[in-house]
Amino acid sequence: MSAETKQSPAAQARSEMFLDWDDARDLAPILEKVRPFTMVPAESLIDLSRVARAALTYGIPGAFVECGVWRGGSSFLMAETLKRAGARDRKVWLFDSYEGLPAPKEIDGAKAFEYARNTDSPWYHDNCSASLEIVQRAADELGLGSYTEFVKGWFDQTLALNRDRIGPIAILRIDADWYDSVLCCLESLYDQVVEGGFVIFDDYYTFDGCAIAVHEFLGKRGLSHQIENVIGRWEGAEYCQSALFRKGGGTWRWLDQCYRTAQEVASVIPPGETLILADDGALGADLTIGRRAIPFIERDGQYWGPPPDGETAVRELERLRAAGANFMVFGWPALWWLDHYGELREHLNSTARRILENGRLAIFDLRF
Ligand SMILES: C[S@@+](CC[C@H](N)C(=O)[O-])C[C@H]1O[C@@H](n2cnc3c(N)ncnc32)[C@H](O)[C@@H]1O
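Residues numbered from 1 in each chain as written. Predicted model: local features only at pLDDT ≥ 70, side-chain atom pairs only at ≥ 80, totals over all residues.

Peer 1: Before we move on, can you summarise the site of the ligand with the specific residues and values?
Peer 2: As a structural note, the neighbourhood of the ligand is formed by 20 residues, with Thr-38, Gly-68, Trp-70, Ser-74 and Ser-181 the closest of them. Split by residue class, the shell around the ligand holds 10 nonpolar, 7 polar and 3 charged. (Near = placed C-beta within 6 Å. Nonpolar A, V, L, I, M, F, W, Y, C, P; charged D, E, K, R; others polar.)

Rendered as structure tokens:
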């Protein structure tokens, strides 16, 4: 996906807005704000926030939808992201019975029955019930009312009915615990998830019925979406907390890495600058949002493949430097070039300044 070529000017501005986002500075206060309204653990909330920001950064179009809302915290996190971005062209849809969970069935597994039986547990939360009025009031009090759309009722009566109103979906977050509910969400809304969009399953690792519904749905349709997990921590031990897949367009981990790297690029190269991008044709505009990237080596603006030798690489670099490129960026798919083309490495070391280097990126300032 090309962030530079496919977005409207407003969406382009939003892309750049999240480039200098700092989780400690910007996300922590939002998590504090939504924490009283969600039972979703920290790592999954952080990942959800990254998914929402990536959708805006990379212009993945469509609504954000949560099926299974309880007190609304995860939805509020998505809505707050829209609010920060000033994204008035999307909403967060909050589907729930607002009466709690239906009873589990055999297919949901032993843990589901244990949950339903153990009504004194601190995790029971009155069968996950919260009334529509209470959740709506919370959204208003948090200043998120205009970014949210509430639909009350059982999924099998509400989701299909509201499909047209929702339109394309960028994020479908399914947090409904049981097999019947999860399957109903997928059958009703999967087709509206856009290419490159996300489907998140809060309970994939918690309740058997959720995982069975996911695999049954994907298997029946012959879909090869790869399940990725979010790792949580409990008393120092790691565990699989929630799961998601991307509908086409590569994995979430890949896009998330592009997003992190784009933030690093933006931290040292001002917007509007021209840079030479060595990435073996793999990353492109996903890495260089708001900057003009010339592929290395290029012919007529297109990536032409790796340099045949060090001498050609140096000649090409100098040609592009003379044409106005002020920086050279090596993304992880081409980092090995710096070892392989000794002449290029030495030339850069003697005629440019290395301003950033880590395991996935090396950036040179060519203005020397
Ligand atoms: C675990 S809670 C959701 C937690 C919430 N996402 C959060 O951030 O804390 C599950 C929710 O799914 C809803 N739910 C489950 N199955 C449903 C169905 N078939 N129709 C409507 N709501 C359902 C319940 O009412 C409950 O609010």
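Peer 1: So, the environment of Leu-56: which residues are in play, and what are the values?
Peer 2: Tracing the chain through its elements places Leu-56 in helix H4 (residues 42–57). By the C-beta count within 10 Å, which is 22 here, Leu-56 ends up buried. (Helix = DSSP H or I, 4+ residues; strand = E, 2+ residues; numbered from the N terminus. Buried ≥ 20, exposed ≤ 12 C-beta atoms within 10 Å, placed from the backbone.)

Peer 1: Which residues make up the environment of Val-194, and what values go with them?
Peer 2: Examined against the element boundaries, Val-194 turns out to sit in strand S5 (residues 193–201). C-beta crowding within 10 Å serves as the criterion here: with 19 such atoms nearby, Val-194 is assigned to the partly exposed category. Separated by 147 residues in the primary sequence, Val-194 and Asp-47 place their C-alpha atoms 19 Å from one another. Residues contacting Val-194, with those up to four places away along its chain left out, are Ile-60, Pro-61, Gly-62, Pro-168, Ile-169 and Ala-170. (Contact = placed C-beta atoms within 7 Å.)

Peer 1: Describe the sheet that holds S5, with residues and values.
Peer 2: As summarised here, the arrangement of the 7 strands in space is S3-S2-S1-S4-S5-S7-S6, forming an open sheet in which the pairing is mixed. Each having just a single partner strand, strand S3 (148–152) and strand S6 (228–234) make up the two edges of the open sheet. Neighbour to neighbour, the strand axes of the sheet diverge by 20° on average, direction disregarded. As paired elements, strand S1 (residues 63–67) and strand S2 (residues 92–96) share 4 bridges and run parallel to each other. Counted as the bridge partner of Val-65 is Trp-93 from S2. Across the sheet, helix H9 (residues 155–166) is in contact with S1, S2, S3 and strand S4 (169–174); its angle to S2 comes to roughly 165°. (Pairing = 2+ DSSP bridges. Axes fitted to C-alpha atoms, helices over the stretch in contact; angles between N-to-C directions.)

Peer 1: Would you mind going over the domain arrangement of the protein chain in detail, with residue names and values included?
Peer 2: Entries for the protein chain in the domain assignment read domain 1 (3–250) and domain 2 (261–365). Computed over C-alpha atoms only, the centres of domain 1 and domain 2 are separated by 38 Å. Among the secondary structure elements, those contributing two or more residues to the side of domain 1 that touches domain 2 are helix H1 (3–6) and helix H2 (9–17). Among the residues making up the side of domain 1 that touches domain 2, the classes are represented as 3 nonpolar, 2 polar and 3 charged. (Domains from an automatic or database assignment.)

Peer 1: Just give me the short version of the sheet that holds strand S13 (residues 353–358), but keep the residues and values in it.
Peer 2: Taken in spatial order, the 5 strands of this open sheet run S9-S8-S12-S14-S13, and their pairing is mixed. Unpaired on one side and paired on the other, strand S9 (292–295) and S13 mark the two borders of the sheet. Strand-to-strand, the axes of this sheet are offset by a mean angle of 20°, without reference to chain direction. One ladder, built from 5 bridges, connects strand S12 (residues 327–331) with strand S14 (residues 361–365); its direction is antiparallel. Within the sheet, the bridge partner assigned to Gly-331 lies in S14 and is Leu-361.

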